[in-house]
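A structural walkthrough
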Amino acid sequence: MASALKNLSDYDEKNIPSAEDMIFGIVVAEWNKDITHALYEGAYNTLIKHGADPEKIHTIQVPGSYELPIGAKLLIKTKKADAVISLGCVIKGETTHNEYINRSVASALMQLSLATNVPCIFGLLTPNDEQQAKDRAGGKHGNKGVEAAVTAIRMVALDKEMSETKRTIGF
Ligand code: DLZ
């Protein structure tokens, strides 16, 4: 119940800045592709809905979630993305592989964001089972791809706003 109250997919569209003129990278993991493609659809459609130019949305696929950070880095380097959305799904299995992948990806995306000043949005699902993944990829807990896209737009807008403030200080 508590998480239903925190379902950010039901955001207020009017309060989201325009994504016009922003350059986005989206990196999608192929593992659990039914889930990651649903996340992608949510993210891509949300960027378009808020005014992003399809020509300025650059999408690449990587084999698994562990490769998301290097995919994000490539998009920053080659496409000069203002923000990168990383989409993946690591389902808990019999071993602890999920912990290694999830923590590595979270930590690498954070480091990449801070090192490059490009927001690298964490759109990695870390479910215990497939149902939890479906619930978050267009199910009862919304679509975390939508939320990742909204976060990306807001972070780029914040950066533009802060840069603008810097330029006008002193007048
Ligand atoms: C190896 C592996 C496993 C077991 N499970 C997943 C998963 O649930 N989701 C996912 O995105 N990737 C998985 N991978 C692949 C790793 O992310 C990575 O691609 C390989 O370890 C090669 O580096």
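Here's a quick rundown of the structure.

Pairing in this open sheet of four strands is parallel, and the strands run S2-S1-S3-S4 from one edge to the other. Single-partner strands in this sheet number two, and they are strand S2 (57-62) and strand S4 (120-125). With strand direction ignored, the average angle separating the axes of adjacent strands in the sheet is 15°. Of the pairings in the sheet, the one linking strand S1 (residues 24-29) to strand S3 (residues 83-89) comprises five bridges and is parallel in character. Looking at S3, one finds that Ile26 is bridged to Ile85. Running at roughly 155° to S3, helix H2 (residues 33-49) makes contact with S1, S2, S3 and S4 of the sheet. With respect to the sheet, helix H4 (residues 97-116) is in contact with S3 and S4, its orientation differing from that of S4 by roughly 170°.

Time to look at the pattern of salt bridges. A side chain with one charge may pair with a side chain of the opposite charge, provided their charged atoms come close. Taken as a whole and assessed by the stated rule, the structure comprises four salt bridges. In this structure, Lys49 engages Glu13 in a salt bridge whose closest nitrogen and oxygen atoms are separated by 3.0 Å. One end of the pair, Lys49, is in helix H2; the other, Glu13, is in the loop between helix H1 (2-5) and S1, and 36 residues separate them in sequence. Classification of Glu13 as partly exposed rests on a relative accessible area of 43%.

Taken together, the side chains of Met155, Leu158 and Met162 define a hydrophobic patch exposed on the protein surface, amounting to about 260 Å² of accessible area. Assignment of secondary structure puts Leu158 in helix H6 (residues 144-168). A relative accessible area of 39% means that Leu158 is categorised as partly exposed.

Moving on, we come to the nonpolar core. Counting 30 residues, the largest nonpolar core has Phe24, Leu47, Ile85 and Leu87 as the members making the most contacts within it. Looking at this core, the elements with two or more residues in it are S1, H2, S3, S4 and H6. Counting residues per element, this core draws most heavily on H6, at eight residues. When residues no more than four places from it in sequence are discounted, the contact partners of Ile85 are Gly25, Ile26, Val27, Leu47, Ile121, Ala148, Ala149 and Ala152. Formed by 17 residues, the second largest nonpolar core is a distinct cluster that contains Ala29, Ala81, Val90 and Leu124.

Turning our eyes to something else, we now look at H4. End to end, H4 covers 28 Å across 20 residues, agreeing with the expected 28 Å (1.5 Å per residue, within 8%). Every buried residue of H4 is listed here: Asn98, Ile101, Asn102, Val105, Leu109, Leu112 and Ser113. Taken down its axis, H4 places every buried residue within 110° of arc, on the same side. Exposed residues lying more than 90 degrees from the buried face of H4 are Tyr100, Arg103, Gln111, Leu114 and Ala115.

Cut-offs applied
- Residues numbered from 1 in each chain as written.
- Predicted model: local features only at pLDDT ≥ 70, side-chain atom pairs only at ≥ 80, totals over all residues.
- Heavy atoms only, no water.
- Pairing = 2+ DSSP bridges.
- Helix = DSSP H or I, 4+ residues; strand = E, 2+ residues; numbered from the N terminus.
- Axes fitted to C-alpha atoms, helices over the stretch in contact; angles between N-to-C directions.
- Contact = heavy atoms within 4.5 Å.
- Salt bridge = Lys/Arg side-chain N within 4 Å of Asp/Glu carboxyl O.
- Buried < 20%, exposed > 50% of the residue type's maximum accessible area, 1.4 Å probe, protein only.
- Patch = residues over 30% accessible without salt bridge, like charges linked within 9 Å, V, L, I, M, F, W, Y side chains within 5 Å.
- Areas by Shrake-Rupley, 256 points an atom, 1.4 Å probe, with all protein chains shown as cover.
- Core = buried A, V, L, I, M, F, W, Y, C linked by side-chain atoms within 4.5 Å.
- Expected span 1.5 Å × (residues − 1).
- Arc of directions from axis to C-beta.

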